[in-house]
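Breakdown of the fold
Chain residues, written in single-letter form:
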Amino acid sequence: MALPPNVSSADFNRAIAAWKQAVGNDWVFTADEDVALYRDAYSPYWGEKEERVASAAVAPSTVEQVQAVVRTANQYKVPLYAISTGRNLAYGGSAPVYSGSVVLDLKRMNRVIEVNERNAYALVEPGVSYFDLYEHITKANADVWIDPPDPGWGSVIGNALDGGGGWTASPFRDHFGAHCGMEVVLANGEIVRTGMGALPNSKSWQHNRWGFGPWVDGLFRQGNYGVVTKMGFHLMPRPEAMQTLTVRVPRDEDVVPLVDALNLLENQHVVNGSTSLGGGGAPGGPAGAAGWSVSLPIYGPAKVVPAQIEYSREKFAKIPGATFTETELFRTPLDAATLARVRKVSFGIPDLSTFGLLGRNAANPSPPGGHMDFSPILARTGESVLEFIRMYREKLPELSEGGTLRILGPVFMTNWDRTMVALLMFPVGRDPQVNGRMRNAFRRWIELCAERGWGEYRTPSVFQDDVAKAYSYNNHSLTRLRETIKDAVDPNGILSPGRYGVWPKHLRKT
Ligand SMILES: Cc1cc2nc3c(=O)[nH]c(=O)nc-3n(C[C@H](O)[C@H](O)[C@H](O)COP(=O)(O)OP(=O)(O)OC[C@H]3O[C@@H](n4cnc5c(N)ncnc54)[C@H](O)[C@@H]3O)c2cc1C
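These numbers were taken from a predicted model, which means no experiment stands behind them. (Residues numbered from 1 in each chain as written. Predicted model: local features only at pLDDT ≥ 70, side-chain atom pairs only at ≥ 80, totals over all residues. Heavy atoms only, no water.)

Some words on the overall build of the chain
A tally of regular secondary structure across the chain gives 13 helices and 21 strands. Relative to the compact-globule value of 24 Å for 510 residues, the chain shows a C-alpha radius of gyration of 23 Å, a close match. Here the C-alpha coordinates of the chain stretch approximately 75 × 55 × 50 Å along the principal axes. For the chain, the residues scored as buried account for 54% of the 510 residues in total. Across the chain, the fraction of contacts at a sequence separation of at least 24, relative to all contacts at a separation of at least 6, is 71%. For the chain, the accessible surface area stands at approximately 22300 Å², while carbon and sulfur atoms represent 53% of it. (Helix = DSSP H or I, 4+ residues; strand = E, 2+ residues; numbered from the N terminus. Rg over C-alpha atoms; globule rule 2.2 N^0.38 Å. Buried < 20%, exposed > 50% of the residue type's maximum accessible area, 1.4 Å probe, protein only. Contact = heavy atoms within 4.5 Å. Areas by Shrake-Rupley, 256 points an atom, 1.4 Å probe, with all protein chains shown as cover.)

Notes on the packing of aromatic side chains
Across all of its chains, the model carries 18 aromatic pairs by this definition. Judged by centre distance (6.4 Å) and plane angle (90°), the rings of Trp27 and Phe29 are edge-to-face. Given the relative accessible area of 17%, Phe29 is considered buried. Here a set of aromatic residues connected by ring pairs shows up, and it is made of Trp292, Phe388, Tyr392, Phe412, Trp445 and Trp454. Taking the ring centre of Trp46 as reference, the NZ or CZ of Arg39 above it sits at 3.6 Å. One Lys or Arg, Arg209, reaches over the ring of Trp210 and ends 5.8 Å from the middle of that ring. (Phe/Tyr/Trp six-rings, centres within 6.5 Å; stacked < 30°, edge-to-face > 60°. Lys NZ or Arg CZ within 6 Å of the ring centre and 35° of its normal.)

Some points on unusual backbone geometry
Cis geometry marks the peptide bond from Thr332 to Pro333; its omega dihedral reads -10°. Note that the residue after Gly409, namely Pro410, is joined by a cis bond; omega there is 0°. As for its position among the elements, Pro410 is in strand S19 (residues 408-414). Phi is positive for His269, which is not a glycine, with a value near 60°.

Below you can see the structure in the form of structure tokens.
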């Protein structure tokens, strides 16, 4: 049995015994074959000594058990790493950021506490997956949609806490942004409810997000200040219809007015779907083709959506040579035949087909196994897109080692409100030599982007320190503020040390 760092075997054995007492013998895992299940299948350090691995795992099923587990960890100073369903592939899987931590696995806490159709919200526990919530809503015949990310097996809470998003309408597809109220167990075992939930017998926990006084919920997004045991989410009342307009513009430089028109329409909330920008102007676009395209899905009443499409066309028509195509007007709920030919997640239906794209298929018979997402945020302008492309073309020969390292992208993602992400994907697998070269390239991209004022919004756990260091304004004052809070609420530094670059005092600079 592996030991957590700086914990004696006597203390660890006492902690294990206390956890068995609290959650039952069957739910404390110390055998190598059990603990191995928490390895990150996409780890860029797979099989190397730097791979982040757990020492054990414990799986409570109630909030009282979570409190007991955390109190014991605090007593013996055992680092914990909380996961919900632990499917955080491409960002660290279910492995801890700090090797040797004990995984606090919350997937047994899988109760849908409430689905309220009238006010369109849900209150769930961490182990509730998108599939679970979808099934619950379908069985209850409630006329509301969930917003799934591409993989439906993830946790509604876990995905939101890591800064994840989905593919239906704004504001629902920004998952943390769509939450309303949370329950958190702090490092000392105390339970806190945020927003209106702090009112005993609250009748409006999921009706008002801000409550009274300083809003603390943001501390728990990509944070390590508590273990979230419940969270409310606003749901979308089922939209009657959806239609997508695609605009094509002929010249590479047309991306400037194209993005301006896109921004206007999204900021006016005329276009509310998850838009995407692509085409020949991007390095990954069709060879020899110039120009750009943007797709604009619009969700809403069947009478209104065609008018919004028409209004959007007028805005783009000012770009010389712009051409348009439209999909049919999809009316919901879709029938089975229609469902079979659309991207399900765009219609609020969880799915796993995304893995078919990157997994083994006819076009890709021996895939590397995994990938790391590199996602810097640019300014949402066409000029930034062109600047990124210039840098990409200039640096790629060096960073792809003369084209021998296959880095995928860039994909210019406009799925986040007001945000432009220039996504690159770095395939990794089981070859330490290739993985090492990919890691070097990834770190170099972080530096290159930071030099230009572009930072990432989410990153695999092994690069979280590198990215956090890039956010260095005023001698890293933001990191220092986060550390001050960490020391106050978790003085023994037992909760997810190192997550998103925030380390407890005793582990800083190691
Ligand atoms: C092919 C592919 C496609 C993907 N597509 C998307 C996509 O469309 N959108 C997207 O957002 N992501 C996507 N991902 C990334 C990832 O798989 C998902 O975000 C996934 O939902 C995250 O895993 P999870 O939900 O099980 O969260 P978890 O792994 O349970 O949680 C994520 C992290 O949050 C923290 N955490 C979790 N629960 C708690 C808690 N209760 N208390 C405190 N901290 C906690 C932990 O640090 C944990 O590591 C994709 C990945 C792949 C490989």
